[in-house]
Amino acid sequence: MWVALLAATSVAASPVRINSEIRAALSSDYTIDVVVQPHEGDAWTRLAKRVTADAENWRAIATFNKTEILTSEMAVRVPFAMLRPELRKQVVSGLFKDDRQTDRGWMHVVIGSSGVEGESLWNIAEWFTGRGDNYVEIRKANPAQGLSTHQGDVVFIPKQLLTAAFGGASEAWEGLDGSKTAEVRKSEDDPSERASADANVADVAAEIPAAGLPSLTYERAASEPYAVYRLLKGEALYSSVAIRFTGRVYSKDVGDVIDRIVQFNCIDDVAKIPTGYAVKIPMSLLLPEYRPADDPARLAQEASTRESAKLARRTRASGLAGVHVILDAGHGGRDVGTIHDGVAESNYVYDVMCRLKRLLEKKTSAIVAATTKSARDGYEIPDDDELEDLSDHVVLTSPRYQLEDPIVGVHLRWYLANSMFRRAIRRGAAKEKIVFISLHADSLHPALRGAMAYIPAERFVTGSYTKRENVYLARAEVREHPVVRHEEEESLEAEGLSRSLAGSMIASFQSNHLKVHPFHPVRDEVMRDGREWVPAVIRYNLVPTRLLLEICNLGNPRDRALMTTRKYRQEVADAIYEGLVAFYADRDAKPSTTVTASR
């Protein structure tokens, strides 16, 4: 029976026997599944005492298995984190046979091979340290390791982070009901406390739980197929279901999805949903990565991601030598972008752009250019927290465009970026050493906080595009190449390079204790009002490595308050700078190539 239960999870590695009653396997979503065969005449308390060392854990185990009836024929699933320390180590040693303990810590060898990527750093942190958010510290100990892992990667977990099971000094795990057996270690600079102190405001909604790899089951034979997710303690329908599993982030979209889920589940009162409630989510609403392993949408996404990763050619650049950085501050002029409580997006992202430009010019050998400029102040950085409104931004085309029409302004930016790209190529630059970064601040559901990066998905980019109205043709950059074309292979390559850069940026935000979007902070499409698209400034852009970075959510009062401090804006600029430097210092770098400016 245990074989069938483990097989149902679509294991990524063959199940292993730990002892006469325990079997374990690494699932396709890289969680550790543990199954216990009860003894004849076993009681929940005896099983819990034997396996977890605490008979009181029986309720949590019974809840996890959705029954309080225990028979010797059952295959009982037990959360890995609840196992006795010695059993946890036995499970890990059985699954990850190349892992080893050293005087300094634990060396984990990634074996995951069910998809494009291996075990997540979050899961690795949960297994070995008891806390998923310790992945930030693990990443610091592995500076060349990206957010993604691949089969054969070696991840070092420092001894001071390890639980006692793996040779550390502490022992802590969190139960399904939120209880803890020991005090859980906190980072020296807790991000939520730091943000609260800086902002000095209260959040309008509870913090959203951290995003690990949640467990879903599927009912595909129903008239409308659906997935099932059981709510944990403290989880809310809007955040832990609607935002996490469907990818919706805008208030109206989140509301629409909530209405659909409430109707689908016949929920009378969303405020009275109990812990453990099995929420049914229509399959059509799910992001591809949360669909069954054989779902066509998921398979297509995995194939695209895999192919884009293969085509992405990385290069090293110590001190960003030879790197061309094109910076774009979103909106500007009469187009203020989103505005909340008098905080206008365009003014504040322009300030971050100026700070980043100064950092790059002072601390690196990069060649830095911007797409816009303040006609009055240039790139001067005011020594103020709250900024005065600016309406004099121009796009630096030939001739310049006074930012009045937001649509024209957006299109002229990518035409300008393409012209800069061609000029850099003609001067002998390697295409992998040209980067485009567009800075914005989002307007999302008020419960969401932090940065989010958008990259160009190949499926939205391949093809050609042109603008022929007089306002465009009056600019030299448009006339030199009015039609932009993206072939499938170069679009896949751009998706891979951009995804790697975005991952480096998000990791830098996290290591600097800056908030990031809790679910899927790197996205290859915008989802809004039932539509999916890639922002034009990166869709029609020829620069292979490009992203649109949403610094924070101005719709959230804490993010908004932070944005109005020069301290925070400088921290954001520092994080982007560090992310860019780390991207070109990656251990997976490959030789650069050059191209001709024939497009």
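See above for the structure.
None of the values given here were measured: they were computed from a predicted structure.

Procedures and definitions
- Residue positions within a chain follow its written sequence, with the count starting from 1.
- With the structure being a predicted model, the display of local features is reserved for residues of pLDDT at least 70 and the display and counting of side-chain atom pairs for 80 or more, all residues being used for whole-chain, interface and lining totals.
- Each side-chain value is derived from all of the structure's non-hydrogen atoms; neither hydrogens nor water enter the calculation.
- In summary, the pairing rule links any two rings of Phe, Tyr or Trp, Trp by its six-membered ring, whose centres are within 6.5 Å, and it sorts them by plane angle into stacked for under 30 degrees, edge-to-face for over 60 and tilted for everything else.
- Only DSSP runs of H or I reaching four residues or more are called helices, and only runs of E reaching two or more are called strands; each is numbered from the N terminus.
- Type-normalised accessible area, obtained with a 1.4 Å probe on protein chains alone, sets the label of each residue: buried when under 20%, exposed when over 50%, and partly exposed for intermediate values.
- A ring has a charge above it when a Lys NZ or an Arg CZ is no more than 6 Å from the ring centre and no more than 35 degrees off the ring normal.
- Pairs of residues are marked as contacts when any of their non-hydrogen atoms sit within 4.5 Å.
- If DSSP finds at least two bridges between two strands, the strands pair.
- Only C-alpha atoms enter the line fits that serve as axes; for helices the fit covers just the stretch in contact. Angles between N-to-C directions range over 0 to 180 degrees.
- What a helix should span is 1.5 Å times the count of its residues minus one.

Engineer: What is the right way to read the packing of aromatic side chains from this model?
Structural biologist: For the coordinates displayed, the defined rule picks out 13 aromatic pairs. Centre to centre, the rings of W106 and F128 are 5.7 Å apart; their planes meet at 35°, and the pair counts as tilted. Note that W106 is positioned in strand β6 (residues 105–109) and F128 in helix α5 (residues 121–129), a separation of 22 residues in sequence. Look at F128 and you get buried, because its relative accessible area is 0%. For the ring pair F583 and Y584, a centre distance of 4.9 Å and an interplane angle of 80° mean the geometry is edge-to-face. Geometry around Y250 places R528 over its ring, the cationic atom sitting 4.0 Å from the centre. In this structure, R531 packs its charged tip against the face of W533, placed 4.7 Å from the ring centre.

Engineer: How should the environment of T217 be read in this particular structure?
Structural biologist: Looking at the secondary structure, you find T217 in strand β8 (residues 217–219). For the pair T217 and Y229, spaced 12 residues apart in sequence, the C-alpha to C-alpha distance is 7.0 Å. Non-local contacts of T217, meaning those with residues more than four positions away in its chain, are made with Y226, A227 and V228.

Engineer: Could you clarify how one ought to interpret the sheet that holds strand β7 (residues 154–158) in this entry?
Structural biologist: Backbone hydrogen bonds are what pair the strands of a sheet, in a parallel or an antiparallel way. Spatially, the three strands line up as an open sheet ordered β5-β6-β7, and their pairing is antiparallel. This sheet does not close on itself; its edge strands, each paired only once, are β5 (100–101) and β7. Where β5 lies against β6, two bridges are found, and the strand directions are antiparallel. Across the sheet, the residue bridging to R100 is M107, located in β6. Sitting on the sheet, α5 is in contact with β6 and β7, with an inclination near 45° to β7.

Engineer: How do you make sense of the environment of R566 when you look at a structure like this?
Structural biologist: With respect to the helices, strands and loops of the structure, R566 is situated in helix α19 (residues 566–583). Excluding residues that lie within four positions of it along the chain, R566 makes contacts with R355, D383, D384 and D385.

Engineer: Which parts of the structure should I look at to understand helix α11 (residues 345–363)?
Structural biologist: One turn of an α-helix holds 3.6 residues; hence residues three or four places apart share an orientation. With 19 residues, α11 extends 27 Å between its outermost C-alpha atoms, agreeing within 8% with the 27 Å of an ideal straight helix rising 1.5 Å per residue. The buried fraction of α11 is high, at 15 of 19 residues.

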